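Secondary and tertiary structure notes
What follows is each chain in one-letter form.
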Amino acid sequence: MTEGAYLAAVSSVAALEGDLPATVRVLPVGAPDMVCGPLPVFESLRGPMAADRSGLFVCLGTPGGFGVVLCRADGTVGGQG
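A brief structural summary. (Residues numbered from 1 in each chain as written. Predicted model: local features only at pLDDT ≥ 70, side-chain atom pairs only at ≥ 80, totals over all residues. Heavy atoms only, no water.)

**A word on the sheet that holds strand β4 (residues 56-61)**
Strand order across the open sheet formed by five strands is β3-β2-β1-β4-β5, with antiparallel pairing between neighbours. Strand pairing shows two members of the sheet lacking a second neighbour, β3 (36-40) and β5 (67-72), which therefore form its edges. Across the sheet, the axes of successive neighbouring strands diverge by a mean angle of 45°, strand direction being ignored. Bridging between β4 and β5 involves five bridges; their strand directions are antiparallel. Across the sheet, L60 pairs through a bridge with V68, a residue of β5. Contacts between helix α1 (residues 43-51) and the sheet are confined to β1 (4-17), β2 (20-28), β4 and β5, with β2 contributing the most and set at about 75° to the helix. (Pairing = 2+ DSSP bridges. Helix = DSSP H or I, 4+ residues; strand = E, 2+ residues; numbered from the N terminus. Axes fitted to C-alpha atoms, helices over the stretch in contact; angles between N-to-C directions. Contact = heavy atoms within 4.5 Å.)

Following this line, the structure appears as structure tokens:
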């Protein structure tokens, strides 16, 4: 798992909660062959991510091997913008 903040593209949805992505696998920029995850998706981002998983997302990885998808690369959590 990548540590610290990093940009990544969504590779696949690992688990759904209802119809929304609860956890995803991601491909970090600069290491496209290293799939990370599954990472939980910040709750406010789940609806917009269900509608559009394209683009880059800001992820945060911890030294303990945990992580989270926080927001889109432009800082939005409520959708493209």
